[in-house]
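A structural walkthrough
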Amino acid sequence: MNEYYFTKEDLEALKKVTTYQQMFEIAKVILKRIPKPVIQLCGPISTGGAGSVEKNMERMNTVVKYLQKQGKNVFNQLPFEEPMQKVISLRKEKHYDMSLLNEFYKPIFEQGLLDIL
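Described in the following lines is the structure provided in the data block.

**Topic: the overall build of the protein**
Broken down by element type, the protein carries five helices and two strands. When the helices and strands of the protein are listed from N to C terminus, the series reads α-α-β-α-β-α-α. By the compact-globule yardstick of 13 Å for 117 residues, the protein fits well, its C-alpha radius of gyration being 14 Å. C-alpha extents for the protein along the principal axes are approximately 40 × 30 × 25 Å. Within the span of the protein, comprising 117 residues, buried residues form 38% of the whole. Counting contacts in the protein only where the partners sit at least 6 residues apart, residues at least 24 apart contribute 69% of the total. Total accessible area on the protein stands at roughly 7,100 Å², and carbon and sulfur atoms take up 55% of it.

This is the structure:
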């Protein structure tokens, strides 16, 4: 998987995360190295969409690659999906884990690291 703007160190660090805060810190570093304007795709991965996480990720990856080929600066959140699932399993939440939104995505939005959603 060729991830624009991700270094080998970023991908290794993602393997070690145990919290959404750690994921945010890695995302912040990556987002700061992406030239403006920065685009992030939004859409269901773990809920709705194509019917499974795998199919939803495949669809999102197709659009990410399309936009990158168009010369757009895309923050590809797909490398964060496996660490997200790991954190979710560690938290043992019985319902949708709103902490993902509050501890990972919200700080990204609040710091103005994205220009287009």
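Right, picking up where we left off after that structure.
**Re a nonpolar patch on the surface**
Side chains of Tyr96, Met98 and Leu101 sit close together on the surface and give an oily, nonpolar patch of about 270 Å² of accessible area. Inspection of the secondary structure assignment puts Leu101 in helix 5 (residues 99-110).

**Considerations on the packing of aromatic side chains**
Applying the stated rule across the entire model yields five aromatic pairs. When the centroid spacing of 5.2 Å and the interplanar angle of 40 degrees are considered together, the rings of Phe80 and Phe104 count as tilted. Pair noted here: Phe80 is in the loop between strand 2 (73-74) and helix 4 (81-91) and Phe104 is in helix 5, with a separation of 24 residues, a long-range link. The exposure class assigned to Phe104 is buried, which follows from its relative accessible area of 0%. Their ring planes at 25 degrees and their centres at 6.3 Å tell us that Tyr105 and Phe109 sit as a pair that is stacked. Taken together, the residues span about one helical turn, with Tyr105 and Phe109 both in helix 5 at a distance of four residues. For Tyr105, a relative accessible area of 13% corresponds to the buried category. Phe109 gets classed as partly exposed once you look at its relative accessible area, which sits at 40%. Three or more aromatic residues joined by ring pairs form one cluster here, namely Phe6, Phe75, Phe80, Phe104, Tyr105 and Phe109.

**Side note on the nonpolar core**
The tendency in soluble globular proteins is for nonpolar side chains to be buried as a group. Formed by 22 residues in total, the largest nonpolar core has its most connected members in Met23, Leu31, Phe75, Phe80, Phe104 and Ile108. Of all the elements in the fold, those that place two or more residues in this core are helix 2 (20-33), helix 4 and helix 5. Looking at this core element by element, the count peaks at seven residues for helix 2. If near-sequence neighbours (up to four positions away) are discounted, Leu31 is found in contact with Val38, Phe75, Ile108, Leu113 and Leu114.

**Things to note about the pattern of salt bridges**
Evaluated as defined, the whole model comprises five salt bridges. Where Arg33 meets Asp10, a salt bridge forms, and the shortest distance between an N and an O atom there is 2.5 Å. Of the two residues, Arg33 is situated in helix 2 and Asp10 in helix 1 (residues 8-16); the sequence distance between them amounts to 23 residues. Among the ionic pairs, Lys28 bridges to Glu25, the shortest N-O distance being 3.2 Å. One end of the pair is Lys28 and the other is Glu25, both in helix 2 and three residues apart, which spans about a single turn. Residue classification places Glu25 among the partly exposed positions, given a relative accessible area of 33%.

Rules of the game
Residues numbered from 1 in each chain as written. Predicted model: local features only at pLDDT ≥ 70, side-chain atom pairs only at ≥ 80, totals over all residues. Heavy atoms only, no water. Helix = DSSP H or I, 4+ residues; strand = E, 2+ residues; numbered from the N terminus. Rg over C-alpha atoms; globule rule 2.2 N^0.38 Å. Buried < 20%, exposed > 50% of the residue type's maximum accessible area, 1.4 Å probe, protein only. Contact = heavy atoms within 4.5 Å. Areas by Shrake-Rupley, 256 points an atom, 1.4 Å probe, with all protein chains shown as cover. Patch = residues over 30% accessible without salt bridge, like charges linked within 9 Å, V, L, I, M, F, W, Y side chains within 5 Å. Salt bridge = Lys/Arg side-chain N within 4 Å of Asp/Glu carboxyl O. Phe/Tyr/Trp six-rings, centres within 6.5 Å; stacked < 30°, edge-to-face > 60°. Core = buried A, V, L, I, M, F, W, Y, C linked by side-chain atoms within 4.5 Å.

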